[in-house]
Amino acid sequence: MLSITNNDIILSQAADNKQDAIKSIANSLGDKGYVESGYVDGMLARETQNSTFLGNGIAIPHGTKESSDQIKQTGVILHHFPQGVNWGNDDTVYLAIGIAAKSDEHLQILKMLTTVLSAEGVEEQLRDATNADTIVDLITGKVQTEMLLTADLIELNSPAADLSQLTAAAAALLKNQHAVSETFVKTTLADQPTHLGQGLWLSATNQGVNKTALSFVTASQAAANQDKPVKGLICLASNSQLHLKTLDLLVELMAQQKIASIFTSNRQQIINLLTKETVDGSQVTLTIKNPHGLHARPGAMLVNTAKKFAATIQMARADTPDNVVNAKSLMKVMTLGVKFKDQLQFTAQGADADAALAAIAQAIEEGLGEAIR
């Protein structure tokens, strides 16, 4: 199983272009005993097929299937480029993760990078990193890069009889996920929640917070507090600015008088409401023709096609329409686990939305760079 440690990182590297960077990484893989000298040719060839740039200043250069005979054993090496390397298409790489893997073991690295690739501010943190510990912590998720909100932090139809019990239930969810300490729970219970409107209340504090997180609880029975209805409560624990986007989305829901929509939503829909901008626009449903689904190469081509357009583009599997992801993020696309013949729903919003959907449809019809049945 692939993993990353401090010993895999080489700091303060420099390269004039991505070809020189890849050659340097291939040499390091060879020095570690992972590959033969010919593996560099496969890495350079792979780059001509599709860019290995993933986003947030990270690339994962690796060889083609044809070069797998040059791999002696599975391994990774990381080169840190504080000055950045032009990876083409105006993409700058600050961290290149060179991978030697005979099969699909590189997908373990992609899965590990899911959070860091979708978070804001990571590119700058990687650029400015001065030691291997910081880099490892960033890419392995030890440094929080997005607010924690999962299905485990949502309780629908709680038996709580009043606002105080609802607050206790929400705080307990956060504590169960180790996001907060007992200090947070006590402080939250001592404070008076704020009514946001339409029966939704907010409780928030920065006391006793281990990580920025949010929980949400709805009541199974009608209740009131200070003559205001009590239908549900958001409990916010914050020790960073990672919650600000959610607050903006809440303000937008309040301004549009749509707070009540949160009470008729399922868990995934609630997560979407509180973490993602709603995209209203042109839609199309397309069927994947690739025999092996959207693995790294066709997934990258799909993402690169979407990135050519200014429109906001979201996508979801037709069988799980609530699990919407950004079609311009390879890591988000990979988390969908798209297989052969799966149907995907695309929604695009913007001046070039229709052109974007047409280009995506054509790319899928042509196999996203692979031979199709």
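What you are looking at is a predicted structure, and each value in this text was computed from that prediction instead of being measured. (Residues numbered from 1 in each chain as written. Predicted model: local features only at pLDDT ≥ 70, side-chain atom pairs only at ≥ 80, totals over all residues. Heavy atoms only, no water.)

1. Observations concerning the overall build of the chain
Selection criterion: We count a stretch as a helix when DSSP gives it H or I for four or more residues in a row; a strand needs E for two or more, and each element gets its number in order from the N terminus. Remark: exposure states derive from per-residue accessible area (1.4 Å probe, protein chains only) relative to the maximum for the residue type, with buried under 20%, exposed over 50%, and partly exposed in between. Residue contacts follow a heavy-atom distance rule, with two residues in contact if any of their heavy atoms lie within 4.5 Å. All accessibility values rest on the Shrake-Rupley procedure with a 1.4 Å probe; residue burial counts only the protein chains present in the view. Just so you know, the count uses Lys and Arg for positive and Asp and Glu for negative, and it drops His and the chain ends. The location of each charge is read from NZ of Lys, CZ of Arg, CG of Asp or CD of Glu.
On a plain count of helices and strands, the chain comes out with 13 helices and 14 strands. Principal-axis analysis of the C-alpha atoms gives the chain an extent of 75 × 45 × 30 Å. Here the chain, with 373 residues, has 48% of them falling under the buried criterion. Taking the intrachain contacts of the chain between residues at least 6 apart in sequence as the baseline, contacts between residues at least 24 apart amount to 73%. Only carbon and sulfur atoms are counted for the fraction: they give 45% of the accessible area of the chain, which is about 17200 Å². Averaged over its 29 positive side-chain charges, the chain has a centre that lies 5 Å from the centre of its 38 negative ones.

2. Some words on the packing of helix H7 (residues 163-176) against helix H8 (residues 182-190)
For clarity, the threshold we go by: For every element, the axis is a line fit to its C-alpha atoms; helices are fit only across the contacting stretch, and the angle between N-to-C directions ranges from 0 to 180 degrees. Orientation is classified from the angle alone, with under 35 degrees giving roughly parallel, over 145 giving roughly antiparallel, 65 to 115 giving roughly perpendicular, and any other angle giving oblique. When the near helix sits turned anticlockwise from the far one by under a right angle, the crossing is termed left-handed; a clockwise turn instead gives a right-handed crossing. Residue polarity follows a fixed list, in which Ala, Val, Leu, Ile, Met, Phe, Trp, Tyr, Cys and Pro are nonpolar, Asp, Glu, Lys and Arg are charged, and the others, Gly among them, are polar.
Following both chains from N to C, one finds H7 and H8 inclined at 165°, their axes separated by 10 Å at the closest point. Considered as vectors, H7 and H8 are oriented roughly antiparallel to each other. Every pair of crossing elements has a handedness; the one defined by H7 and H8 is right-handed. Touching Ser164, Thr167, Ala168, Ala171, Leu174 and Lys175 of H7 are Glu182, Phe184, Val185, Thr188 and Leu189, all from H8. Split by residue class, the contact of H7 with H8 holds 6 nonpolar, 3 polar and 2 charged.

3. Things to note about the sheet that holds strand S13 (residues 325-326)
Strand pairing in a sheet takes place through backbone hydrogen bonds and is either antiparallel or parallel in direction. Our working definition: Two strands are said to pair when DSSP picks up at least two bridges between them.
Taken in spatial order, the 4 strands make up an open sheet running S11-S14-S12-S13, and their pairing is antiparallel. Since the sheet does not close on itself, it has two edges, and those belong to strand S11 (282-287) and S13, each with one partner. Bridge count for S11 against strand S14 (residues 343-349) is 6 bridges, and the pairing is antiparallel. Its bridge partner being in S14, leucine 286 is matched across the sheet by leucine 344.

4. Points about helix H11 (residues 296-307)
So the rule is basically this: Expected span, for any helix, means 1.5 Å times one less than how many residues it has.
For H11, spanning 12 residues, the distance from its first C-alpha to its last is 16 Å, which sits close to the expected 16 Å at 1.5 Å a residue. Within H11, the full set of buried residues consists of Ala296, Pro298, Gly299, Ala300, Leu302, Val303, Thr305 and Ala306.

5. Looking at the environment of histidine 243
Cut-off, in case you're wondering: The term polar contact refers here to a pair of N or O atoms within 3.5 Å; inside protein, the definition further demands a hydrogen-donor-capable atom paired with an acceptor-capable atom, and it admits residues adjacent in sequence only when both atoms are side-chain atoms.
Note on placement: histidine 243 falls in the loop between strand S10 (228-237) and helix H9 (244-255). Placed 176 residues apart in sequence, histidine 243 and serine 67 show a C-alpha to C-alpha distance of 45 Å. Apart from the residues within four sequence positions on either side, histidine 243 is in contact with Met147, Thr212, Leu236 and Ser238. In this structure the side chain of histidine 243 is engaged in a polar contact, spanning 3.2 Å, whose partner is the backbone oxygen of serine 240.

6. Observations regarding unusual backbone geometry
Backbone geometry places glutamine 198, a non-glycine residue, at a positive phi of 55°. In this structure, glutamine 198 sits in the loop between strand S7 (194-197) and strand S8 (200-205). Judged by relative accessible area, which is 30%, glutamine 198 ranks as partly exposed. Even without a glycine there, the phi angle at leucine 368 is positive, about 50°. Tracing the backbone through its elements, the reader meets leucine 368 in the segment after helix H13 (353-365).

That is the geometry; function is a separate question.
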